[in-house]
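Residue strings, one per chain:
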Amino acid sequence: MSKKKDLGLGGKAAIAGAIGSAAVAAALLFVNKKKKDEKLKRFTTPFNEPPETD
């Protein structure tokens, strides 16, 4: 006795929506990490220049 599991159109749409949502969330995390890294790089002093002192 085997049961045939058919998701139907609604089930397939739900799975596609979940995958799409996960992809969007991953893209947003990636972009936020890149922005954070760029911000940290902007405020660091270069190693080849001496620090300014009074």
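Rules used throughout
Residues numbered from 1 in each chain as written. Predicted model: local features only at pLDDT ≥ 70, side-chain atom pairs only at ≥ 80, totals over all residues. Heavy atoms only, no water. Helix = DSSP H or I, 4+ residues; strand = E, 2+ residues; numbered from the N terminus. Areas by Shrake-Rupley, 256 points an atom, 1.4 Å probe, with all protein chains shown as cover. Patch = residues over 30% accessible without salt bridge, like charges linked within 9 Å, V, L, I, M, F, W, Y side chains within 5 Å. Salt bridge = Lys/Arg side-chain N within 4 Å of Asp/Glu carboxyl O. Buried < 20%, exposed > 50% of the residue type's maximum accessible area, 1.4 Å probe, protein only.

### Looking at the overall build of the chain
Part 1 of the argument: The number of helices and strands found in the chain is one helix and zero strands.
Part 2 of the argument: Carbon and sulfur atoms make up 64% of the accessible area of the chain, which amounts to about 5800 Å² in all.

### Section: a nonpolar patch on the surface
Part 1 of the argument: On the surface, Leu 7, Ile 15 and Ile 19 cluster together into a nonpolar patch covering about 300 Å² of accessible area.
Part 2 of the argument: When you line up the elements, Ile 19 lands in helix α1 (residues 8-42).
Part 3 of the argument: Ile 19 sits in the exposed class, given a relative accessible area of 57%.

### Some details on the pattern of salt bridges
Part 1 of the argument: For the structure shown, the criterion picks out one salt bridge.
Part 2 of the argument: The partner of Lys 33 in a salt bridge is Asp 37, with the nearest N and O atoms 3.4 Å apart. Of this pair, Lys 33 and Asp 37 both sit in helix α1, four residues apart, which is roughly one turn of the helix.

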